[in-house]
Amino acid sequence: MSTARAAIIVFLVGCSCSSKRADPPTELCVPAQGSAYGVISNGKAIVCVEATCVILDRDGKPTAPTTTTPPRPPPQVQQDRQVGTGRVVARDPSGQWTLRNTETGQSIPVGSPGDRLDVIEPGAVVAYQGTKVQVADPVALKRAGTFTMPGTVAMVLPWFDRVFVVLEKPAGTMQIDPATATVYAGAPLPVCR
């Protein structure tokens, strides 16, 4: 084979290799800032910041990068809803959420006007906005606690017997035990350099 032919073959092989798609990320890290969300699947939490995701164990420690980005969950519909038996959470015209016992009429406000609200079945109603989170117990009809997070709350998710809090600005996670009103800091998310 001539030198010219060998050079052409090497060039073509090199071109075909460089045009292949990049391998999925294998680095266990996320951007320090950005749009964050979480997904709970098969007993694992996946936290994504922008398009970079890591898998967390039950304690919130990052264990592996993901090879695929899970779809972002649909936004929670912010409307009145039933919470267990005989309990309703409703928003008034000013944006204030109220948890009410439909049998006795007793009620308590949850969060502040304009808060987002998620129901973590079976035993927590969570209102959040900015860095503030308030957890209420719908059965006992009482607030379990109000907490200040170290970052902006992106979303809350059910996590075993706790509330899993996904943070952005800066990226991170926290866990709240509604039964004891205890906050647990998640392991720091490794930041990509």
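From a predicted model like this one, the values you see are computed outputs, not experimental measurements.

Visitor: Would you take a moment to explain the sheet that holds strand S3 (residues 52–56) for this structure?
Guide: In any sheet, the strands associate via hydrogen bonds between backbone groups, in a parallel or an antiparallel arrangement. The four strands lie next to each other as S1-S2-S3-S4, forming an open sheet whose pairing is antiparallel. The sheet terminates laterally at strand S1 (36–41) and strand S4 (62–65), the two strands that pair on one side only. Between one strand axis and the next, the sheet turns by 30 degrees as a mean value, whatever way the strands run. In this structure, S3 lies alongside S4, joined through three bridges in antiparallel fashion. For Val 54, the partnering residue across the bridge sits in S4 and is Pro 65.

Visitor: Looking at this model, I keep getting lost on the environment of Gln 96. Mind explaining?
Guide: Here Gln 96 shows up in the loop between strand S6 (87–91) and strand S7 (97–101). A residue is classified by how much of its surface remains accessible, and Gln 96, at 13% relative accessible area, is buried. Considered as a pair, Gln 96 and Pro 113 are 17 residues apart in the sequence and their alpha carbons are 4.1 Å apart. Apart from the residues within four sequence positions on either side, Gln 96 is in contact with Ala 90, Arg 91, Pro 109, Val 110, Gly 111, Ser 112 and Pro 113. Within the structure, the side chain of Gln 96 is placed 3.3 Å from the backbone oxygen of Gly 111, a separation counted as a polar contact.

Visitor: In this structure, what is going on with the nonpolar core? I would like to understand it.
Guide: One broad trend across soluble globular proteins is that nonpolar side chains are buried collectively. Within the largest apolar cluster, 35 residues are counted, with the highest numbers of intra-cluster contacts made by Val 126, Met 149 and Val 165. Those elements that provide at least two residues to this core are S1, strand S2 (44–49), S3, strand S10 (124–129), strand S11 (132–137), strand S13 (152–159), strand S14 (162–168) and strand S15 (172–177). Not counting the four nearest positions on each side in its chain, Val 126 is found in contact with Arg 116, Leu 117, Asp 118, Ile 120, Val 133, Gln 134, Val 135, Val 156 and Val 163. Counting twelve residues, the second largest nonpolar core, distinct from the first, contains Val 89, Ile 108, Leu 117 and Leu 141.

Visitor: Quick question: what am I supposed to make of the environment of Phe 164 here?
Guide: Looking at the element boundaries, Phe 164 is found in strand S14. Classification of Phe 164 as buried rests on a relative accessible area of 1%. Sequence-wise, Phe 164 and Ala 45 are 119 residues apart; in three dimensions their C-alpha atoms are separated by 8.9 Å. For Phe 164, the residues in contact, after removing those within four places along its chain, are Ala 45, Val 47, Leu 56, Met 155, Val 156, Leu 157, Trp 159, Thr 173, Met 174 and Gln 175.

Visitor: Any chance you could explain the environment of Val 88 here in plain terms?
Guide: Among the structural elements, Val 88 can be located in strand S6. Once residues within four sequence positions are removed from consideration, Val 88 is found in contact with Arg 81, Gln 82, Val 83, Thr 98, Leu 99, Arg 100 and Thr 102.

Visitor: Please explain the pairing of strand S12 (residues 142–148) as it appears in this structure.
Guide: Every regular strand shows the same layout, with side chains that alternate between the two sheet faces. Two strands pair when backbone bridges link them, and S11 and S12 are joined in this way by six bridges, in the antiparallel orientation. Within S12, the position partnered with Val 135 by the bridge is Gly 145. Between S11 and S12, which pair antiparallel one after the other, the connecting turn spans four residues, and Leu 141 there sits at a positive phi close to 55 degrees.

Calculation notes
- Residues numbered from 1 in each chain as written.
- Predicted model: local features only at pLDDT ≥ 70, side-chain atom pairs only at ≥ 80, totals over all residues.
- Heavy atoms only, no water.
- Pairing = 2+ DSSP bridges.
- Helix = DSSP H or I, 4+ residues; strand = E, 2+ residues; numbered from the N terminus.
- Axes fitted to C-alpha atoms, helices over the stretch in contact; angles between N-to-C directions.
- Buried < 20%, exposed > 50% of the residue type's maximum accessible area, 1.4 Å probe, protein only.
- Contact = heavy atoms within 4.5 Å.
- Polar contact = N/O pair within 3.5 Å; in protein donor to acceptor, adjacent residues only side chain to side chain.
- Core = buried A, V, L, I, M, F, W, Y, C linked by side-chain atoms within 4.5 Å.

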